[in-house]
Each structure stands twice: as structure tokens, then as C-alpha cells.
Amino acid sequence: MAQVRNIVILTGAGVSAESGIDTFRAGANGGPSLWEQHRVDDVATPEGFARDPDLVLRFYDMRRAAIQTKAPNAAHEALARLDAEWPKDANHELLIVTQNVDDLHERAGAKRVLHMHGEHLNAWCTACDARSRWTGPLIERPPCPRCGERALRPDVVWFGEMPYEMDRIYEALRGADLFVSIGTSGAVYPAAGLVRNARDLGIATLELNLERSQGSAWFGETRLGPASVLVPAWVDEVLAAL
Ligand code: OAD
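Residues numbered from 1 in each chain as written. Predicted model: local features only at pLDDT ≥ 70, side-chain atom pairs only at ≥ 80, totals over all residues. Heavy atoms only, no water.

Draft legend 1. Quick peek at the sheet that holds strand β6 (residues 118–125). Reading across the sheet, the 3 strands line up as β7-β6-β8 and stay open at both edges, with antiparallel pairing between neighbours. For this open sheet the edge positions go to β7 (131–133) and β8 (152–156), each flanked by a neighbour on one side alone. With direction set aside, neighbouring strand axes in the sheet form an average angle of 45°. In terms of strand pairing, β6 meets β7 through 3 bridges, oriented antiparallel. Bridging from a neighbouring strand, Trp-124 pairs with Arg-131 of β7. (Pairing = 2+ DSSP bridges. Helix = DSSP H or I, 4+ residues; strand = E, 2+ residues; numbered from the N terminus. Axes fitted to C-alpha atoms, helices over the stretch in contact; angles between N-to-C directions.)

The structure is reproduced here in C-alpha cells:
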């Protein structure tokens, strides 16, 4: 492998699949449809929340509780190892951009993680805009720890909302020499468009996925298989080439 210095990694639900967290789409080319027996429109849009807040809060309460029972797998651990061993000097950069709202990258020990779709373990106060660490339920409308208003919602980006920190992601990409996409179907933009941005910038692109994603044709290289196998092998390669 050619030596790389500056890597942007995008992860999706496939990286957490082997930890027992369901992916969103059954197949690489299936569109968003039923999500744990709910229509995406009902549980993952601001309109759905306005229509039936109890349904949405209960849904996320259940998922927030569920992820706390899961553990990182070999793919999370390998990325945490890459983060720990990647040089921290002016010539090297690393950013793990995740679409996942679980905290398994962090629990594996990764530090340079950006959650573009928010985090299950945060609550966002729509009254004062504060984000608070939140591990319990929201259904009883607990007060915001900062302003006291009962206006907390899951800090998760819904369809129709802007993903977080896009400027920082594009800036990282501009400085990168390798873009790696792991366990994502390439169905949801703007994350799905990052491979095209990378190509336009002349950056090498690598896809690690169980099956070809919707944007697979855009990648310079695709490796197919489970993340728990592919990711540790790739991390070994990239560290060996340092
Ligand atoms: P998807 O469920 O759309 O895609 C998961 C991908 O992971 C698929 O391409 C699978 O083939 C692959 N996969 C499954 N198991 C795997 C394994 N063990 N190893 C490697 N790959 C595996 O999930 P995302 O692409 O992450 O957004 O979904 C993107 C966004 O859609 C989510 O962040 C969420 C959702 O709506 C929001 O909530 C805003």
C-alpha cells in the first residue's frame, strides 16, 4: 500500500452490525422503509416528532437503552488502534466521521470521532440549545439541566435536518490523501456524496463493506466482507506502511 499521511474515514451502521445493532437497510440497494416496525417518516423526521412526540421519544428511549447493552467489535477496536497509533504531528491527520449515533467508536477508545448524525447519548434542549449527556429516558419530559425547560429531544439528526459539522468534514477531506468508507449503504446524503467529493479532489478512495454500496462504482478500490475482518486487516496494512 502507498504511504498515506492524512485519512478521512466514514463509518455507517455496518460497522456496528456485528455488535448486534440493526442496520437501517436490509440490502445495499433497498431504500429507507420500515425501521424496527416504524415508518421512517414517523420516527425520524421533525414532522413525525411534531405529530406524535410520545411515539418518537419512546422509540429513541428504547434505542438509547439498547445501545448501552452492546459492546464494540473488532472493527471499532481496530479503528481505535489506528487512532492511538497514528502519529500526532503536523504531517499526519486522521478523522473518523461516523453516521452512527451509538458510542461504540468512543467505547473502543477512538478519540478523533465526529458524529455527523448526532448521538443517542445526548439530549438537545430546543429551548436553550444546550446538549447534555443523557443515558435515561426522555418520555417523562425531564427538565433541561441547563435552563429547566421541559423541551429535550434526542440529539439525533432527522431526515430534513442538516447533518452536523459539514464544514469540518469538507475541510478534513480537502487535506486528505485517502478516503475510506466502512459499512454504509451510500443511500443517505450528504454522507453518500463524500466519495464523489474525494474523487473530485483526486484523493484515493477505498470501500470496506459486506456488499457493494449504492456508490460503489465511485470507489477506486472495494473490498467485500464483514467489517470485523476487513477493518483490522486494513489497519494492519496502513500502520505497516507508515
Ligand atoms: P445502512 O443500513 O443503510 O447500510 C448498512 C451497510 O452496512 C449496508 O451496505 C450493509 O451491506 C453493510 N453491512 C452490514 N453488515 C455489515 C458488516 N458486518 N460488515 C460490513 N458491512 C456491513 O446504514 P447507513 O449507510 O449507515 O441516518 O445509513 C445511513 C443513514 O441512514 C443513517 O446514519 C441514518 C439512516 O437513516 C439518520 O438517522 C439521519
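Draft legend 2. Focus on the packing of aromatic side chains. A complete count under the given rule lists 4 aromatic pairs for this structure. Ring centres 5.2 Å apart and planes at 50° place the aromatic pair Phe-49 and Trp-158 in the tilted group. Here Trp-158 lies in the loop between β8 and α7 (166–174) and Phe-49 lies in helix α3 (residues 46–51), a separation of 109 residues in the sequence. Taking the relative accessible area as the measure of exposure, Trp-158 reaches 2% and is therefore buried. Taking NZ or CZ as reference, Arg-131 lies 4.6 Å from the ring centre of Trp-124, over its face. (Phe/Tyr/Trp six-rings, centres within 6.5 Å; stacked < 30°, edge-to-face > 60°. Buried < 20%, exposed > 50% of the residue type's maximum accessible area, 1.4 Å probe, protein only. Lys NZ or Arg CZ within 6 Å of the ring centre and 35° of its normal.)

Draft legend 3. Molecular detail of the site of the ligand. The full set close to the ligand counts 22 residues, and Ala-13, Phe-24, Arg-25, Thr-184 and Ser-185 are the nearest of them. A distance of 2.9 Å is found between a nitrogen atom of the ligand and a side-chain nitrogen or oxygen belonging to Glu-18. Between an oxygen atom of the ligand and a main-chain N or O atom of Phe-24, the distance comes to 2.6 Å. Protein burial of the ligand: of its 800 Å² of free accessible surface, 95% is covered by the chains. Looking at the shell around the ligand residue by residue, the classes come out as 9 nonpolar, 10 polar and 3 charged. (Near = heavy atom within 4 Å. Polar contact = N/O pair within 3.5 Å; in protein donor to acceptor, adjacent residues only side chain to side chain. Areas by Shrake-Rupley, 256 points an atom, 1.4 Å probe, with all protein chains shown as cover. Nonpolar A, V, L, I, M, F, W, Y, C, P; charged D, E, K, R; others polar.)

Draft legend 4. Quick peek at the sheet that holds strand β9 (residues 178–182). With respect to topology, 6 strands assemble into an open sheet ordered β5-β4-β1-β9-β10-β11, the strand pairing being parallel. Edge positions in the sheet fall to β5 (113–115) and β11 (221–224), since each has one partner strand and no second. Across the sheet, the mean angle from the axis of one strand to that of its neighbour is 15°, orientation sign disregarded.

Draft legend 5. Structural context of the side chain of Asp-155. Among the structural elements, Asp-155 can be located in strand β8. According to the relative accessible area criterion, Asp-155 is buried, its value standing at 3%. Other than its neighbours up to four places away in sequence, Asp-155 contacts His-117, Gly-118, Glu-119, Asn-122, Ala-123, Trp-124, Arg-131 and Tyr-164. (Contact = heavy atoms within 4.5 Å.)

Draft legend 6. Structural detail: the pattern of salt bridges. For the structure on display, the rule yields 15 salt bridges. Of the charged contacts in the structure, one is a salt bridge between Arg-153 and Glu-161, with a shortest N-O distance of 2.8 Å. Between Glu-237 and Arg-223 there is a salt bridge, and its shortest N-O distance comes to 3.1 Å. Here Glu-237, found in helix α9 (residues 227–240), pairs with Arg-223, found in strand β11; they are 14 residues apart in sequence, far enough to count as distant. (Salt bridge = Lys/Arg side-chain N within 4 Å of Asp/Glu carboxyl O.)

Draft legend 7. Representation of unusual backbone geometry. In this model, Tyr-189 is joined to Pro-190 through a cis peptide bond whose omega is 5°. With respect to the helices, strands and loops of the structure, Pro-190 is situated in the loop between β9 and α8 (194–200). One non-glycine residue with positive phi stands out, namely Asp-129, at about 75°. One can find Asp-129 in the loop between β6 and β7. With a phi close to 55°, Arg-141 is a non-glycine residue in the positive phi region. Structurally, the position occupied by Arg-141 is in the loop between β7 and β8.

Draft legend 8. View of the domain arrangement of the chain. Domain boundaries in the chain define domain 1 (1–19 + 72–117 + 163–242) and domain 2 (22–69 + 119–156). Placing a centre on the C-alpha atoms of domain 1 and another on those of domain 2 gives a separation of 25 Å. In this assembly, 17 residues from domain 1 lie in contact with 18 residues from domain 2. Taken together, the two surfaces of domain 1 and domain 2 that pack against each other cover about 1,300 Å², and 55% of this comes from carbon and sulfur. Applying the counting criterion to the domain 1 and domain 2 interface returns 0 salt bridges. At the junction of domain 1 and domain 2, the tally comes to 4 residue pairs in polar contact (both at pLDDT 80 or more). (Domains from an automatic or database assignment. Buried area = accessible area lost by both parts, 1.4 Å probe.)

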